[in-house]
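# Close look at the chain arrangement
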Amino acid sequence: RFRYGCGDYMLRVRFSHGGNLVAMGGPESRGTVCLYSLTSGKVIKLGGLFSGHKGPVTDLCFSDDDALLASSGGWGDQKAFVWDCGTGSAKASCSTKTAGGFRAVHIKNASSPVLLIAKKSFCTLDIAKDKAEEKPMDADIQTLSETTAFSPDGEQFVFQAGWVSIPQACRSSDLKPAFPDNSYTLPSISACAFSRDGSFLYYATSENACRLNTVTG
């Protein structure tokens, strides 16, 4: 048991690839991102109300080597940050004009662009230049961030209504069914996630069920 310092509860929790770090994002106006070491017991507070997110943290993602942590903000914030897991400092940031902020974030390494999804836009953030580019996306991501996820390689993005290929096409006509059996529709899907190798898609439902689908691309 430990005190994570992100408020009364965490809106987002992510384990690092190595399994020795846990990232936690706070809700509402607190918007704090905390990094907890399972080996040392040390808690790092990354930003906060005045230096980081000013609203709920909608998603978190570790880089492949666990050196960087990317975080995205939703309503009242609409920002994204890339944090140095060693120092706790912000290395890059960007914002979106899309109402509701970012839904999901994906980071691979320091030399690859950070991928961000907002309700109706797709954004890439260059860490070295600390510069972002945002373009419209025809596919309207209206679902909550709990029902959105990037594949491990960042090539696909799944949300409750289907999935899109990233970044080649972001049009509604390119959507593929994420849940081909059509057994569950809004708002039954409560969470979804890819397996580490990207070959399977797990999703949970409001009926307390968990399902596993093979990803066919």
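Parameters and conventions
Residues numbered from 1 in each chain as written. Predicted model: local features only at pLDDT ≥ 70, side-chain atom pairs only at ≥ 80, totals over all residues. Heavy atoms only, no water. Core = buried A, V, L, I, M, F, W, Y, C linked by side-chain atoms within 4.5 Å. Buried < 20%, exposed > 50% of the residue type's maximum accessible area, 1.4 Å probe, protein only. Helix = DSSP H or I, 4+ residues; strand = E, 2+ residues; numbered from the N terminus. Contact = heavy atoms within 4.5 Å. Salt bridge = Lys/Arg side-chain N within 4 Å of Asp/Glu carboxyl O. Pairing = 2+ DSSP bridges. Axes fitted to C-alpha atoms, helices over the stretch in contact; angles between N-to-C directions. Phe/Tyr/Trp six-rings, centres within 6.5 Å; stacked < 30°, edge-to-face > 60°. Disulfide = S-S within 2.5 Å. Patch = residues over 30% accessible without salt bridge, like charges linked within 9 Å, V, L, I, M, F, W, Y side chains within 5 Å. Areas by Shrake-Rupley, 256 points an atom, 1.4 Å probe, with all protein chains shown as cover. Polar contact = N/O pair within 3.5 Å; in protein donor to acceptor, adjacent residues only side chain to side chain.

### Comments concerning the nonpolar core
- Formed by 16 residues in total, the largest nonpolar core has its most connected members in Val82, Cys94, Phe102, Ile107, Val114, Leu116 and Ile127.
- Going through the elements one at a time, strand E6 (68-73), strand E7 (79-84), strand E8 (90-95), strand E9 (102-106), strand E10 (114-118) and strand E11 (121-126) are the ones with two or more residues in this core.
- If you tally residues by element for this core, the top one is E10, at 3 residues.
- Discounting chain neighbours no more than four positions away, the residues touching Cys94 are Gln78, Lys79, Ala80, Phe102, Leu116, Cys123, Leu125 and Ala132.

### Section: the pattern of salt bridges
- Here the structure, examined in full by the defined rule, presents 2 salt bridges.
- Residue Arg14 pairs with Asp59 through a salt bridge whose shortest N-O separation is 3.0 Å. Here Asp59 lies in strand E5 (residues 57-62) and Arg14 lies in strand E1 (residues 12-15), a separation of 45 residues in the sequence.
- Residue class for Asp59 comes out buried when judged on its relative accessible area of 8%.

### What to know about the side chain of Thr98
- Checked against the element boundaries, Thr98 lands in the loop between E8 and E9.
- Excluding its chain neighbours within four sequence positions, the residues that come into contact with Thr98 are Gln78, Ala118, Lys119, Lys120, Ser121 and Glu134.

### Quick word on the sheet that holds strand E2 (residues 21-25)
- The 4 strands are arranged E1-E2-E3-E4 in an open sheet whose pairing can be described as antiparallel. Either end of the sheet is taken by a strand with one partner, and the two such strands are E1 and strand E4 (43-46). Shown here is a sheet whose adjacent strand axes are inclined to one another by a mean of 20°, direction ignored.
- As judged from the 4 bridges shared by E1 and E2, these two strands associate in the antiparallel manner. Paired with Arg14 across the two strands is Ala23, which belongs to E2.

### Here's the deal with the packing of aromatic side chains
- By the definition in use, this model includes 1 aromatic pair.
- With centroids separated by 5.0 Å and ring planes inclined at 25°, the aromatic side chains of Phe81 and Trp83 adopt a geometry described as stacked. The same class applies to Phe81 as to Trp83, namely buried.

### Notes on the state of the cysteines
- For the structure on display, the rule yields 0 disulfides.
- With no disulfide partner, Cys94 has as its closest neighbouring cysteine sulfur the one in Cys123, 4.2 Å distant.

### Considering a nonpolar patch on the surface
- Together, Val13, Phe15 and Leu38 give the surface a local cluster of nonpolar side chains, amounting to about 290 Å² of exposed area.
- Structurally, Phe15 is set in strand E1.
- The exposed category is assigned to Phe15, whose relative accessible area is 58%.

### Considerations on the environment of Arg103
- Within the secondary structure, Arg103 is located in strand E9.
- Separated by 44 residues in sequence, Arg103 and Asp59 have C-alpha atoms that sit 6.9 Å apart.
- Here the side chain of Arg103 touches Gly100 through a polar contact of 3.5 Å, landing on its backbone oxygen.

### Here we look at the pairing of strand E17 (residues 200-205)
- Here E17 shows one buried face, formed by Leu201, Tyr203 and Thr205, and one open face, formed by Phe200, Tyr202 and Ala204.
- Linking E17 to strand E18 (residues 210-214), which pair antiparallel, is a turn of 4 residues; within it Asn208 sits at a positive phi near 60°.

### Topic: the sheet that holds E6
- Spatially, 4 strands are ordered E5-E6-E7-E8 in an open sheet, and the strand pairing comes out antiparallel. The open sheet is flanked by E5 and E8, the only strands paired with a single partner. Each strand axis lies, on average, 15° off the axis of its neighbour in the sheet, ignoring direction.
- Of the pairings in the sheet, the one linking E7 to E8 comprises 5 bridges and is antiparallel in character. Looking at the pairing, Phe81 lines up with Ser93 of E8.

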